[in-house]
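Chain by chain, the residues run as shown.
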Amino acid sequence: MSPRGSSYRLPAGGLVDRAKPLGFSFDGIGHSGFAGDTLASALLANGVRLVGRSFKYHRPRGIMTAGPEEPNALVELRAGARREPNTRATTAELFDGLVADSQNRWPSLDHDLMALNAGLSPFLSAGFYYKTFMWPTWLWEKLYEPLIRKAAGLGRPPDAPDPDTYERATAFCDVLVIGAGPAGLAAALAAGRSGARVILAETDFSNGGRLLSDSGVIDGRPAREWIAAAEAELAAMLEVTLLRRTVVFGAYDGGTYGALERVNDHVAVSPQHQPRQRYWRIIARRAILAAGSIERPIVFPGNDRPGVMLASAVRTYIERFAVAPGRRVAVFTASDDGWSTVRALKDAGVAVAAVVDARAETSAEHQALATSAGAPLFNGVVTDARGGRHGITAISVRRHGGGTLVVATDCLAVAGGWNPNLGLTCHHGARPRWDATIHAFVPGTPPAGMTVVGAAGGAYALGACLEAGHRSAADVVRDLGFSACTGAAPAADHERTAVTPLWHVQVKGKAFVDFQNDVTADDIALAHREGYTAVEHLKRYTTLGMATDQGKTGNVTGLAILAAVAGREIPDVGTTTHRPPAEPIAIGAIAGHHHGRHLRATRLPPSHAWATEYGASFIESGVWLRAQWYPRAGETDWLQSCNREVMAVRQGVGVCDVSTLGKIDVQGADAGAFLDRVYANIVSTLRVGRARYGLMLREDGMVMDDGTVSRLADDQFVVTTTTANAVKVMQHMEFCAQVLWPTLDVQLASVSEQWAQFALAGPRSGEVLERVVDRQHDVSGAGLSHLGVKLVTVGGGVPARAFRISYSGERAYEIAVPAGYGDAMIRALMEAGAPFGITPYGLEAMNVMRIEKGHVAGNEINGTTTAADLGLGGMMSKRKDFIGRVMAGREGLVAPSRWAFAGFRPVDRTQRLRAGAHFVPVGATASAETDQGYMTSVAFSPTLGHAIGLGLIQRGRDRHGERVRAVDLLRNGDVEVEIVDPVFLDKDGARMTA
């Protein structure tokens, strides 16, 4: 390799902007490039050949390709929180200040001590890990696993949270064109001219595909001029969207495609308020796949060394980036396409060291080209690429007529033929088929609505690509009902694309098939000898195609070698399964804004600002941020605060924001009949101005939710649900109304956010309510009895709803006002209650009081309990049908031995109870066989002065007075408890109805 800093940049040509120089670094060494470069082209321009190390043997690796199929040049971009490992240098767009580092090496890229693995290669052949780490078993934890974990992985993840933002977006179109090469551009033009909505997605930062690297004439003008004109025409079409830097990585059901747009990967830091990447969900009526094809290498010893490249990549670096990949370049080809690289080298003034044509004969035209390039022509094969870690120095050539020779060269361009890029066509399970005319797999049956054109379908000639793209798009838009005015198809010559397949030059030496994972031709032969003849088994045994490039350059070659050693034809061997994503996708892009606090939007109840002022301690409760308790000066822990709040309610009055309860407005002439079918108990008999506790079952007979149903008018009810199940219940009721009983006159509206609601609980709660409700409304004990509902006003005319409902077991009310008045309402309640010592209480106190009263909640309504299990079987009406009625009567759900709801208190009142503890008979060993149930909820009751709990235990209703052990093996808990009635306080309800 020439000294670093020496320039391989050609004096003219290319598409880079020489007026915009850019500085970057690689492994701490500064270099320069131009706008329009990729990191790979800039490294080559600066004479850098060694860019990485292979995974298993840590062999030196150089740049092999010029696109997303690159298996070798994987680097870390940026640093710190923005570090991005395993980025392909061939697709990383150069920007000023770019920091790149090699990976998978220690202590440095030049001197990687892990390269000692190469000396152990006889012991590290295919499947060695299956054979090596089986014995002795005691070494697994002590030696094998630590070593494997240390060696595993490529690159380093960021060392801090990602500061960039990502977006998710959805787009709809009539035609999605995937790929903006010649076929894709022709298709987009035809579809766009018809007036259809078109999205053209191109993974590169420049449109044109192969036209950016190959000279050609389209419609009588140079290809690059045609590209510019096509882009301008498309950009002027209002219904056409051009998405550059966008890879379509998956085809899904219903014409849905996943795509990733690299919005700001080409700048150091994303502009303010702009995402780094955008994840697209594209729903297309039709799709046209014009993803091109991938050149395949030839397998021979030394083919993995830095300086051995695909011929098309050499051509790309010359024509597009004005970079000579070497001073003296040799070409090894089995196809006519390889000769295009010879012509590009000659035209750029790069010395052609030799042309090795693997075919028996070379056409007179190509012989003349070799002569004009000053290159010796050999009909034969390359048997070795010699050199060191910084590049090759020579190749060995074996001529067909006999004899070998050595050619000095610092770069070898290999042209083994092309494989259509057909991964997306297989994402619905279809298998590709073998086309013997082009010696490659072509799409089988693509997903519904997808058409494949151009090189992706096996048509490599430029003229054929343009014609197929235009014709397919014209057919598609015509089928969709759009205008047939699609213009004329672009015209170009049909080049020669003949290829004689050459997969493997069979001589002694390590010849690599999968470059990143160090899978050799010998590994494939070994796998076959050991019985791994199915392609999926071969893949997993050898790791062929399991690297970050997913076998884009090596899979088909590996299948051909397997077929050869098995004595079978390539189509008989088959192919491995293609799955999305077709290219690596950042997890950040998939998540979009849904991370951290944005993973699930935090909703604030109406009293949040007031609670913050009051010093509340908050907790996430589902999607809500709610007050957990309100600490006061002198209180040293949360339990003191909670106990104070409970006793304040029991002895005086407390207030709690319960706005987070789900609220559903049910209206219509059949509203009562509808609710009878949804709830287990009868609702339609409820009088206007009254409320009733309601129980809702799932279709399988299990309890779904509980809450209250209040009747505001003959045709209007308001249903409350638990906070956690608000959305689930609304979805369930909508399904019932729209699907099960669409003929009922009933309408549903979720009004959870429209009403702020506050609970007033305690012996003096009625007095506080009377002070805030306008005087003309009677909310005394006589005017609003237990389970009564009344439409009232507050604050001199603000509409409100007053409910006499208790969750605490005390005399209690709930007052609801429009949400906009929520903050004013809580302040008014605190002011009105000041003479009575009103105390705000949070979720902890609320939970303690509901356990004291024996109310079930989410811990008990957990999806596995029936109404009978919870002691609520009496609510299941025998006079009507309702959802879940039949299934709740299944034999297993009514068995006497089922776990049933009960209360528990420690025999030693000083002991603590733990939720989750399992019940075991006294004297028995704790095991699955002796398990009789578990504790669902626990609390310290300041009213009773000791711990209490609720739980589910076998035959719980029949065992009051018995003793069992509550065993918590995880936290070393073992407490003897007494089974008691779950209602610990005021069993007859006198306090609640006073």
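In this text the structure is predicted, and so the values were computed from the model without any measurement.

Side note on the overall build of the protein chain
A tally of regular secondary structure across the protein chain gives 23 helices and 48 strands. C-alpha atoms of the protein chain, sized along the principal axes, occupy 110 × 75 × 55 Å. Long-range contacts, defined as pairs at least 24 residues apart, comprise 66% of the intrachain contacts of the protein chain with a sequence gap of at least 6. In the structure as shown, the protein chain presents an accessible area of about 40600 Å², 54% of it carried by carbon and sulfur atoms. Counting 102 positive and 101 negative side-chain charges, the protein chain places the averaged centre of each group 2 Å from the other.

A closer look at the pairing of strand 34 (residues 691-697)
The buried fraction of strand 34 amounts to five of the seven residues, a majority that puts the element mostly inside the structure. In this sheet, strand 35 (residues 703-713) lies alongside strand 34 in antiparallel orientation, the contact comprising seven bridges. Its bridge partner being in strand 35, Tyr 693 is matched across the sheet by Thr 708. Here strand 34 hands over to strand 35 after five residues, with Gly 701 in that stretch at a positive phi of 90 degrees.

Re the sheet that holds strand 2 (residues 29-35)
The strand order across the open sheet built from five strands is 2-1-7-5-6, with neighbouring strands paired in mixed fashion. Strand pairing shows two members of the sheet lacking a second neighbour, strand 2 and strand 6 (84-88), which therefore form its edges. Neighbour-to-neighbour, the strand axes of the sheet open up by a mean angle of 40 degrees, direction not taken into account. In the sheet, strand 5 (residues 74-77) pairs with strand 6 via three bridges, with the strands oriented antiparallel. Bridge pairing in strand 6 places Leu 74 opposite Arg 88.

Regarding the nonpolar core
If you look at soluble globular proteins, the nonpolar side chains tend to sit buried side by side. Among the nonpolar cores identified, the biggest contains 56 residues, and Phe 26, Leu 39, Leu 43, Ile 63, Met 309, Tyr 317 and Leu 345 are the most heavily contacted of them. No other element matches helix 1 (residues 39-45), which puts six residues into this core. The residues touching Leu 39, leaving out its near neighbours within four places in the chain, are Phe 24, Val 75, Leu 77, Ala 89, Ala 92, Leu 94, Leu 98 and Ala 100. Formed by 36 residues, the second largest nonpolar core is a distinct cluster that contains Ala 187, Ala 190, Ala 191 and Val 453.

Quick word on the packing of aromatic side chains
Inspection of the entire model under this criterion finds 13 aromatic pairs. Between the aromatic rings of Tyr 614 and Tyr 630, the centroid separation amounts to 5.8 Å while the plane-to-plane angle is 80 degrees, which identifies the pairing as edge-to-face. Highlighted residues: Tyr 614 in the loop between helix 15 (608-613) and strand 30 (617-621) and Tyr 630 in the loop between strand 31 (624-629) and helix 16 (638-651), separated in sequence by 16 residues. For Tyr 614, a relative accessible area of 32% corresponds to the partly exposed category. For Tyr 630, a relative accessible area of 6% translates into the label buried. Each member of the aromatic cluster is reached from another via a ring pair, and the members are Trp 434, Phe 441 and Trp 503.

Concerning the side chain of Asp 337
Mapped onto the fold, Asp 337 is located in helix 7 (residues 337-348). At 3.2 Å, the side chain of Asp 337 and the side chain of Arg 315 are in polar contact. Not counting residues up to four positions away in its chain, the partners in contact with Asp 337 are Glu 295, Arg 315 and Trp 418.

Describing the pairing of strand 21 (residues 391-399)
Note that strand 20 (residues 377-388) and strand 21 share eight bridges and pair antiparallel. Residue pairing in the sheet places Gly 380 in a bridge with Arg 399 of strand 21. Connecting strand 20 to the next strand, strand 21, in antiparallel fashion are two residues. Between strand 21 and the antiparallel strand that follows it, strand 22 (residues 404-408), lie four residues; Gly 402 among them carries a positive phi value of about 110 degrees.

Some words on helix 16
In an α-helix, one turn spans 3.6 residues; hence positions three or four apart end up facing the same way. In this model, helix 16 (14 residues) spans 20 Å end to end at C-alpha, consistent with the 20 Å of a helix rising 1.5 Å per residue. Backbone nitrogen of Leu 639 and a side-chain oxygen of the N-cap are separated by 3.1 Å at the start of helix 16; the cap is Asp 637.

Looking at helix 10 (residues 521-529)
Turning to helix 10, its buried residues number three or more, namely Ala 521, Asp 523, Ile 524, Ala 525, Leu 526 and Ala 527. After helix 10 finishes, the residue Gly 531 shows a positive phi value of roughly 95 degrees.

Topic: the sheet that holds strand 39 (residues 789-794)
Strand order in the open sheet formed by six strands is 39-40-41-38-32-42, and the pairing between neighbours is mixed. What marks the edges here is a single partner per strand, and that holds for strand 39 and strand 42 (839-840). Bridge count between strand 38 (residues 755-761) and strand 41 (residues 812-818): seven bridges; the pairing is antiparallel. Along strand 41, the bridge assignment pairs Leu 760 with Tyr 813.

Things to note about the packing of helix 17 (residues 671-678) against helix 18 (residues 726-740)
For any two helices packed against each other, one specifies the inter-axial angle together with the distance between the axes. Relative orientation of the contacting elements helix 17 and helix 18 amounts to 120 degrees, with a least axis distance of 11 Å. Considering only the axes of helix 17 and helix 18, their crossing is right-handed. In this structure, helix 17 uses Phe 674, Leu 675 and Val 678 to contact helix 18, whose residues at the interface are His 732, Met 733, Cys 736 and Ala 737. By residue class, the composition of the contact of helix 17 with helix 18 is six nonpolar, one polar and no charged.

A few points about the pattern of salt bridges
Any two side chains of opposite charge can pair, so long as their charged atoms come close to each other. For the structure on display, the rule yields 52 salt bridges. The closest approach of N and O atoms between Asp 37 and Arg 9, which form a salt bridge, is 2.6 Å. With Asp 37 in the loop between strand 2 and helix 1 and Arg 9 in the segment before strand 1 (17-26), the pair connects residues that are 28 residues apart, well separated along the chain. Classification of Arg 9 as buried rests on a relative accessible area of 14%. Two residues, Asp 968 and Arg 971, come together in a salt bridge whose shortest N-O distance is 2.5 Å. Classification of Asp 968 by relative accessible area gives buried; the value is 7%. In the salt-bridge network here, residues are joined through shared partners; they are Arg 78, Arg 82, Glu 84, Asp 164, Asp 265 and Arg 276.

So, the side chain of Thr 486
Looking at the secondary structure, you find Thr 486 in the loop between helix 9 (462-479) and strand 28 (512-514). Sequence-distant contacts of Thr 486, that is, excluding residues within four places in its chain, are made with Ala 190, Arg 193, Ser 194, His 470, Ala 474 and Val 477.

Rules used in this analysis
The written sequence of each chain sets the order in which its residues are numbered from 1. Only residues with pLDDT of at least 70 are given local features in this predicted model, and only at 80 or more are side-chain atom pairs given and counted; all residues enter the totals for whole chains, interfaces and linings. With hydrogens and water excluded, all non-hydrogen atoms of the structure serve as input to the side-chain values. In this description a helix means any DSSP run of H or I spanning at least four residues, a strand means any run of E spanning at least two, and both kinds are numbered starting from the N terminus. Contacts are assigned to residue pairs with any non-hydrogen atoms lying within 4.5 Å of each other. For the accessible areas, the method is Shrake-Rupley and the probe is 1.4 Å, while residue cover comes only from the protein chains on display. Positive charges come from Lys and Arg, negative ones from Asp and Glu, while His and the chain ends are left out of the count. Charge placement uses NZ in Lys and CZ in Arg. For Asp and Glu, CG and CD serve respectively. Each residue is placed in one exposure class: buried if its accessible area under a 1.4 Å probe, protein chains only, is under 20% of its type's maximum, exposed if it is over 50%, and partly exposed if it falls in between. One requirement defines pairing of two strands: DSSP has to find at least two bridges between them. Here the axes come from fitting lines to C-alpha atoms, over the contacting stretch only for helices, and the angles between their N-to-C directions go from 0 to 180 degrees. Put simply, a nonpolar core is a bunch of buried Ala, Val, Leu, Ile, Met, Phe, Trp, Tyr and Cys residues held in one set by side-chain atoms that sit within 4.5 Å of each other. Only Phe, Tyr and Trp rings take part, Trp by its six-membered ring, and two of them pair if their centres are within 6.5 Å. Stacked means planes under 30 degrees apart, edge-to-face means over 60, and tilted covers everything else. Polar contacts, as used here, are pairs of N or O atoms within 3.5 Å; protein pairs need one atom able to donate a hydrogen and one able to accept it. Residues neighboring in sequence count only if both atoms are side-chain atoms. Residue count minus one, scaled by 1.5 Å, sets the expected span of a helix. Helix crossings get a hand from a simple test, with the near helix turned counterclockwise from the far one by less than a right angle marking a left-handed crossing and a clockwise turn marking a right-handed one. By the convention adopted, Pro, Cys, Tyr, Trp, Phe, Met, Ile, Leu, Val and Ala count as nonpolar, Lys, Arg, Asp and Glu as charged, and the other residues, Gly among them, as polar. A pair is scored as a salt bridge if a Lys or Arg side-chain nitrogen falls within 4 Å of a carboxyl oxygen belonging to Asp or Glu.

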